[in-house]
Every structure is written in C-alpha cells, then in structure tokens.
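What follows is the residue order along each chain.
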Amino acid sequence: MKTWLLIILLVALPVVLSAQPDYIEVNAPGNRQLKLAVEPALSPDGTPATESARQSSEVIAFDMNMSAVVMAESRALQPPAGNKSLADVNYAPWLNAGYDMLVRSELTVKGERLTVEFRLFDVINRKMISAKRYLGSAKDLRRFSHSFADEILRSLTGEKGVFTTRIAFVSTQSGNKEIYIMDWDGYNPLPLTKNGSINLNPDFSPDGREIIFTSYKRRNPDLYRRALSSPVEVPLSNRKGLNITGNWSPDGSKIALALSKDGDAEIYTIEKDGSRPTRLTSNPALDLYPAWSPDGKQIAFVSDRLGKPQIFVMNATGGEARRLTTAGNYNVNPRWSPKGDKIAYSRMVNGSFHIFTIAVDGSSDSQLTADGSNENPAWSADGRFICFSSVRSSGNGIYVMRADGSGQIKVSRAKGTYFQPAWSAY
Amino acid sequence: MKKVMVALLAGISMVALLASGCANKETVKKEEPVVPVAPITETVKPVDTTDQDRLAEQARLAEQARLAEQARLAEQARLAEQARLAEQARLAALKPAAAELKFQAVYFDYDKSDLRQDARDVLSKNADVIMKSAAGTRVQIEGHCDERGSAEYNLALGESRAKSVLKYLTTLGVKADMLSIISYGKEKPAVQGGDEAAWAKNRRAEFVIVK
C-alpha cells in the first residue's frame, strides 16, 4: 500500500511542480492530497521560534488549507531537524513524518525593520522549488506570508492566488452602519467611512484601489466613490431618489446601479465619473442589484416583475431580459463568477437566506450553505472562494468558503453585526 | 480650513504610501487603506549638541505639542457647541410650526406598497394638517420596511411605499412641491423584535418636517 502511494507521488509530483499554466487536480480520485509542512521561521542564529515566527507559518498553513490544493500544517520537528542554514535541508525526518513538501523561512527583526525569506522544498525529490525574500516593517509580516502562500499556489497550480486581497464590509461596531476593510482572513480590520450616517453596499474598482458605496450622509441614498488611500468621499450619483447597489464594470469604465430618478427603481449604467446615465430596464416593477459578467457583455439583476424578486440576465446595453432563477420565490444578491460560468446569489426560504450558485444557462442550481441565514455572496478574484455575511449559531460575521460550499469559516474577528461584503481584485 | 486639512491628510497618506512603497522590495499591494490620520503638530528639529539641551528642548517641544493639542481640542469643543446652539435655535424657530403639525404614521402589509383603508383614513387627516400649515412648510415622507427580505430590495420597497403616500396626498389636494420622499428600507426600524407585532409596526411611512 505504501509503495503504491509512493509510486503515484513519484509520477504525480514532477507534473504538479512544473508549474504548468493549467490547473492540476492534485486531489483527483486515485491520488491522496499532498501534505505540506510549514516550519515556524528561524532566526539567523537558529534561536527558537518567536511569536511572530509562528504567526507567519500559521498564515501560510491557513491559506494553503483553504485553497485545498494541499493539506498544510504549521509544524516544527521534535527533535529539530538540525539544519541551521535555510538552504541546507535534512529531508529524511520530514519525509518520515509524512510530508511531501516543506516551507522553511528565516526572519530578522531589527527595531521596526523586518527581513523574511521563504523557501519551498520538494521533500520527495529533495530540491528547492521556489524562494522569495521580503524587506519591510514588522507590521508587514502577515502580508509577506500571504504573498508567499500565493507563490506556493502559483508553483503548484500555475494560478494566481488571492491571499493578499481584502474584503470590504458594512458593520455596526461604531453604532452606525459604516464601511470597513480587512485582510481576506479577517486580520487588520480598519474603518473606511466615519461619517456617522448609514453606509451600504461597498464594491471595489477592478484595480482594487477604490470603492463605491451608498451613503445617507446628505439625507438621500447617494452613491459615493473614494480611494482606499484617502478619506475623501466624492459624490458620484446624487440623483433624486435611490442611487443604490453600484457594481463596477470589469474594465473599470462604467458603473451599473439602480436609480429611481424616473419613477421606480431601474437599472442604469453611468460613466465612472458619474455622468451619462443610460437606462437599461423599463417596467413598473423594482429592478436593482446589477452584476456584470466578467466579459462586460451581460448584466444579471434582481427584479420583481413577475411578483416576487427573481434573478434576470440581460445584455449590458439593455433590451430583453431572461429569467435565470426558476426555483424558490425570493432570489436576490446576484454576483457573477470571475470565470463567467456561474452566478452566486441568495435565496430566502422560510425567512432565512442561503447562498446558491447557478450556471449561467440556469442549470446546476446548488445550495451551498445550510446553517443560519446567509446573504450577499461575493467571489474572490480567482473564483476559488466566496465570502458572505452570516448569522448562525457558530458565530455571526463575514464567512469565507470554497466555491463548492466546503470549508466554511468565519474570518471576521470582532463582535458585532456584519453585512454586504465585497472582495477586492488581485 | 477643511479643504486644507483634507489636502494635508491626502499629502500625508501619499508620503506614507511612497515611503512604504520604497521600503518593501517585494511590494504586495502598494496602497493601504488610510484611516483618517490625527492632525500632526509641527515640531522644530533640535539643533543643540549637549544632552541637557536636547532633553530641555524635547521637554519644551512636548509641552508645546500638549498645549497645541489642548488648544485644538478646545477649539473643536467650541465649534461643536456653536453648532449645537445653532441647531437648537433652528429647531426653536421651527417649533411653532412643528407643534401644530401632528402627523400619524401609516402602515402596510408585508411586501406591499398599496394603501390599506386605515392608511387612507390617516392620510386624510395628515393632508389637512399639511394644507393648514404655514407657507413654505416642507414635509418628507419616509418609507420603511420590516426586517424580512434583503436590505437592497427593501430600499426599493420602502421607496414604493413613500411614493404611494405622496401620490395619495396629492390626490387629496396637497401641493406636490410641499412633499418629498426618502426610503430607509429596513435600516431604521421603529421597534426592535422578530415577530409579527414588531414587523407590523416597522412596515410604515413616517412624516418629517424638513424645512
């Protein structure tokens, strides 16, 4: 049995590690999942791991486990493997402990200055796969660790990772609904808006540098735009009535949103500077929550034109709309997957919401959540994950799961109520 | 003053961005969210050489910074008080009008924006109040929803409710230019609670004098 596994690994590993552009199913039937050990960082003099060193290995292990590409553990060998130099690895004890791959790192902190070097090793073939060195300040350690997790994912799958991306959300921690931003794993939360009003539905620009959101700060639900690096909130659409549920087009040139300036809520596009509103829907029902397809050619949205809110799809220039969801009588919050094949949404059943995905042709309608009430799904830029807000017995907050619904985990850390997450671009 | 402050903050964050951009050989993301930064008091670089002088200078600067901060806080408090008094005066001026303007809220069925008979009765009274009010009175109709359903859909539903009310008031003879609408969806419930009693009280339109 053991020999058989080893043969599979020997055959599989070189393929996996050659970093081909295509995604490789490393956990396909017949293979076992590869095991990755992430050794807590060493100091240059080989002294024991500090708190920050363990933090770094835990970041990488968390990211890689969520990716499901490997099974990762933050792990130090006892007794230590006994290699002081980063490059000189004693592979045998790691192999004996059952690992296929190993991450080692060296960390130097001098005052506020931080230097960290990560190396990824193939334990089976006894060679280094990748290495990266980062220079920065002590607060950058988590970011650098996430970045090396991206590098591991790239080495193993050829795909770009999202481990350095961030999630914006609405929370009532301050007593008002304000917009916050945090790392994708919930660390480093920061308030963005502080206007004391009601702030809703943040959405990132495709370059990840700006957000749009709706705020009541001038006594009307207007759409605002701001850079993450500046506290200035620029009014983008303050037309009479609703200026809500803005969604930035994939090329960044336009914003789709719901306006009620001409009567009831209808879908429009505006230029990114707020000008030239173009009306896409026209009927006496409520139309809102537009979601661009990744090629920018179509828009999914919510409409109650048949009585109850359902999800429809139309061309991004307007015209005839096709009903997408046919099951359930309350389907809202559509978000198009980055690969273009699916639309995530939430459905209300008996007063509770659950996250679903459905293929763009209306097939494969699948329920991904079962606990509590779950709303406002948002895809990671690589389509690997979906984040959403949840109210459930294991804790309310922003959750992340894989796109198939597995691995659901609460990432927001502070107590409070959380709403309407948006996931930044790469 | 405000513009200068904003520009200053923007400037500070730019410098911070540039600095961090240069420091990191491997920059993961160049931009970082900047929390509104506390104003920085300018300090003069000490030019003295002896330790004693340096310490004295340090103490002097710390004291200067403390006093500046104190002055800033005092000014802030003064402005806040000024604003509060102005608001009080504004409300007091409105009072005679507001006192005679007693509005009743109207209520809706679940996921509906059409007016029930009880709502029509209440609106007849509200219409009389508005029509008898002083010239220049402006009334805003706020549309609200119960907690069920999505926040976004409820924003649109709340607006439909406010619109139904506005339309009915104008048919009763209220001039449209005295009225405006706003929807708060489910963002401002009248009462907390997850049962039909609470929901029924939250599916409503309220009336607020805005001018």
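Keep in mind that what you see is a predicted model, and the values were worked out from it rather than measured. Once a new chain begins, its residue numbering starts again from 1 and follows that chain's sequence as written. As they are written, the chains are lettered A onward and the ligands numbered 1 onward, keeping that order. Side-chain atom pairs in this predicted model are given and counted only at pLDDT of 80 or more, local residue features only at pLDDT of at least 70, and totals for whole chains, interfaces and linings cover all residues.

K.L.:
Please clarify how the overall build of chain B should be interpreted in this entry.
P.N.:
Numbering of helices and strands runs from the N terminus, with a helix taken as a DSSP run of H or I at least four residues long and a strand as a DSSP run of E at least two residues long. Check the secondary structure of chain B and you find 5 helices and 4 strands. Listed N to C, the secondary structure of chain B is α-α-β-α-β-α-β-α-β in terms of helices and strands. Residue burial in chain B is summarised as follows: out of 211 residues, 25% are buried. Any two residues are considered in contact once their C-beta atoms, placed from the backbone, lie within 7 Å. Counting only contacts in chain B whose residues sit at least 6 apart along the sequence, the fraction spanning at least 24 positions is 71%. Three exposure classes are used. Buried residues have 20 or more other C-beta atoms within 10 Å of their own C-beta, exposed residues have 12 or fewer, and partly exposed residues fall in between, all C-beta atoms being placed from the backbone.

K.L.:
Please explain the overall build of chain A as it appears in this structure.
P.N.:
A tally of helices and strands in chain A yields 4 helices and 29 strands. Here the radius of gyration uses the C-alpha set of atoms, whereas the globule reference equals 2.2 Å times the residue count to the power 0.38. Computed over its C-alpha atoms, the radius of gyration of chain A comes to 24 Å, within 12% of the 22 Å expected for a compact globule of 426 residues. When contacts within chain A are restricted to residue pairs at least 6 apart in sequence, long-range pairs at least 24 apart make up 42% of them.

K.L.:
Hey, could you run me through the domain arrangement of chain A in this one?
P.N.:
Interfaces are often sized by the accessible area lost when the parts come together. All names here are of chain A. In this entry, domain limits derive from an automatic or database-based domain assignment. Domain boundaries in chain A define domain 1 (2–157) and domain 2 (166–423). One C-alpha centre belongs to domain 1, the other to domain 2, and the line joining them spans 36 Å. The partner domain 2 presents 6 residues to the 5 residues of domain 1 that form the contact. Counting residues per element, the side of domain 1 that touches domain 2 draws most heavily on helix α2 (residues 51–67), which supplies 3 residues. Classification used: nonpolar for Ala, Val, Leu, Ile, Met, Phe, Trp, Tyr, Cys and Pro, charged for Asp, Glu, Lys and Arg, polar for all others including Gly. Residue composition of the side of domain 1 that touches domain 2, by class: 3 nonpolar, 1 polar and 1 charged.

K.L.:
Quick question: what am I supposed to make of helix α4 (residues 151–171) of chain B here?
P.N.:
At 3.6 residues per turn, the α-helix brings residues three or four places apart onto the same side. Residue and element names in this part refer to chain B. To estimate how far a helix should reach, multiply one less than its number of residues by 1.5 Å. When the terminal C-alpha atoms of α4 are compared, their 31 Å separation across 21 residues agrees well with the 30 Å that a helix rising 1.5 Å per residue should span. Summarising burial for α4: 17 of the 21 residues are buried, a large majority. The positive-phi residue at the C-terminal boundary of α4 is G173, with phi of around 110°.

K.L.:
What exactly am I supposed to notice about the sheet that holds strand β13 (residues 243–248) of chain A here?
P.N.:
Note on sheets: strands pair through backbone hydrogen bonds, and any given pair is parallel or antiparallel. Across the sheet, which stays open at both edges, the 4 strands sit in the order β13-β14-β15-β16 (chain A) with antiparallel pairing between neighbours. At either end of the open sheet lies a strand with only one pairing partner, and these are β13 and β16 (278–279) of chain A. At least two bridges found by DSSP between two strands is the condition for calling them paired.

K.L.:
Could you clarify how one ought to interpret the confidence of the model for chain A in this entry?
P.N.:
Reading predicted coordinates in detail is not appropriate for stretches of low pLDDT. Averaged over all residues, the pLDDT of chain A is 91; the fraction at 70 or higher stands at 90%. A score between 0 and 100, pLDDT records how confident the predictor is in each residue. Note on residues 1–29 of chain A: pLDDT under 50 across the span, and 32 contacts to partners over four residues away in sequence or across chains.

K.L.:
Sorry, what's going on with the packing of α2 of chain A against helix α4 (residues 141–157) of chain A here?
P.N.:
The description of two packed helices rests on the angle between their axes and on the distance between the axes. Residues and elements named next belong to chain A. Where α2 contacts α4, the two axes come as close as 9 Å, and the packing angle between them is 40°. One way to sum up the angle between α2 and α4 is to call them oblique. Helix-helix and strand crossings are classified by hand; for α2 and α4 the assignment is right-handed. On the side of α2, the interface is formed by S52, Q55, S56, V59, I60, D63, M64 and S67, while α4 contributes L141, R142, S145, H146, F148, A149, I152 and L153. Residue classes in the contact of α2 with α4 are distributed as 8 nonpolar, 6 polar and 2 charged. Between N-to-C directions, angles cover 0 to 180 degrees, with each direction set by a line fitted to C-alpha atoms, over the stretch in contact for helices. Roughly parallel covers angles under 35 degrees, roughly antiparallel covers those over 145, roughly perpendicular covers 65 to 115, and oblique covers all other angles. Throughout, a crossing is termed right-handed when the near helix is turned clockwise from the far one, and left-handed when it is turned anticlockwise from it by less than a right angle.

K.L.:
Whenever I open this one, the sheet that holds strand β26 (residues 385–391) of chain A confuses me. Can you help?
P.N.:
An order of β25-β26-β27-β28 (chain A) is seen for the 4 strands of this open sheet, with the pairing classed as antiparallel. The outermost strands of the open sheet, each flanked by one partner alone, are β25 (373–379) and β28 (409–410) of chain A.

K.L.:
Is there a simple way to explain the nonpolar core in this structure?
P.N.:
One broad trend across soluble globular proteins is that nonpolar side chains are buried collectively. With 120 residues, the main nonpolar core has L36, A168, A258, L288, A300, I386 and C387 of chain A as its most contacted residues. Non-local contacts of A258 of chain A, meaning those with residues more than four positions away in its chain, are made with L242, I244, T245, A265, E266, I267, D287, L288 and Y289 of chain A together with A156 of chain B. Formed by 18 residues, the second largest nonpolar core is a distinct cluster that contains L123, L166, V174 and L179 of chain B. Throughout this description, the term nonpolar core refers to a group of buried Ala, Val, Leu, Ile, Met, Phe, Trp, Tyr and Cys residues whose C-beta atoms join them within 7 Å.

K.L.:
Explain α2 of chain A to me, please; I cannot follow it from the model alone.
P.N.:
All names here are of chain A. For α2, spanning 17 residues, the distance from its first C-alpha to its last is 25 Å, which sits close to the expected 24 Å at 1.5 Å a residue. The complete set of buried residues in α2 reads A53, S56, S57, V59, I60, A61, F62, D63, M64, M66 and S67. Where α2 is buried, its residues meet β1 (35–38), β2 (71–74), β3 (101–110), β4 (113–122) and α4. Within two residues after α2, A68 carries a phi angle of roughly 65°, on the positive side.

K.L.:
I would appreciate a short explanation of the confidence of the model for chain B in the present structure.
P.N.:
Residues and elements named next belong to chain B. When pLDDT is averaged along chain B, the result is 77; 68% of the residues meet or exceed 70. Taken together, the stretch residues 8–49 has pLDDT below 50 and engages in 57 contacts with residues farther than four places along the chain or on a different chain. The complex prediction reports pTM at 0.81, with the ipTM value standing at 0.89.

K.L.:
Would you mind going over the environment of I255 of chain A with me for this structure?
P.N.:
Residues and elements named next belong to chain A. Mapped onto the elements of the fold, I255 is located in strand β14 (residues 254–259). Among the residues examined, I255 registers 25 C-beta atoms within 10 Å and is labelled buried. Taking C-alpha positions, I255 is 30 Å from D150, a pair spaced 105 residues apart along the chain. Sequence-distant contacts of I255, that is, excluding residues within four places in its chain, are made with I212, G246, N247, W248, S249, T269, I270 and K272.

K.L.:
I'm lost on the pairing of strand β27 (residues 397–402) of chain A in this one. Help?
P.N.:
Residue and element names in this part refer to chain A. Of all 6 residues in β27, 5 are buried; the element is thus mostly enclosed. Both β26 and β27 contribute to a ladder of 6 bridges, which runs antiparallel. Bridge assignment links F388 to a residue of β27, and that residue is Y399. Sheet topology note: the β27/β28 ladder contains 2 bridges and is antiparallel. The residue bridging Y399 from the neighbouring strand is K410, located in β28. Taking the residues between adjacent antiparallel strands as the criterion, β27 and β28 are bridged by 6 residues, where G405 takes a positive phi near 95°.

K.L.:
How do you make sense of the pairing of strand β20 (residues 318–323) of chain A when you look at a structure like this?
P.N.:
It is a general feature of regular strands that their side chains alternate between the two faces of the sheet. Residues and elements named next belong to chain A. The pairing of strand β19 (residues 310–315) with β20 spans 4 bridges and is classified as antiparallel. Following the sheet pairing, M314 is matched in β20 by A321. Linking β19 to β20, which pair antiparallel, is a turn of 2 residues.

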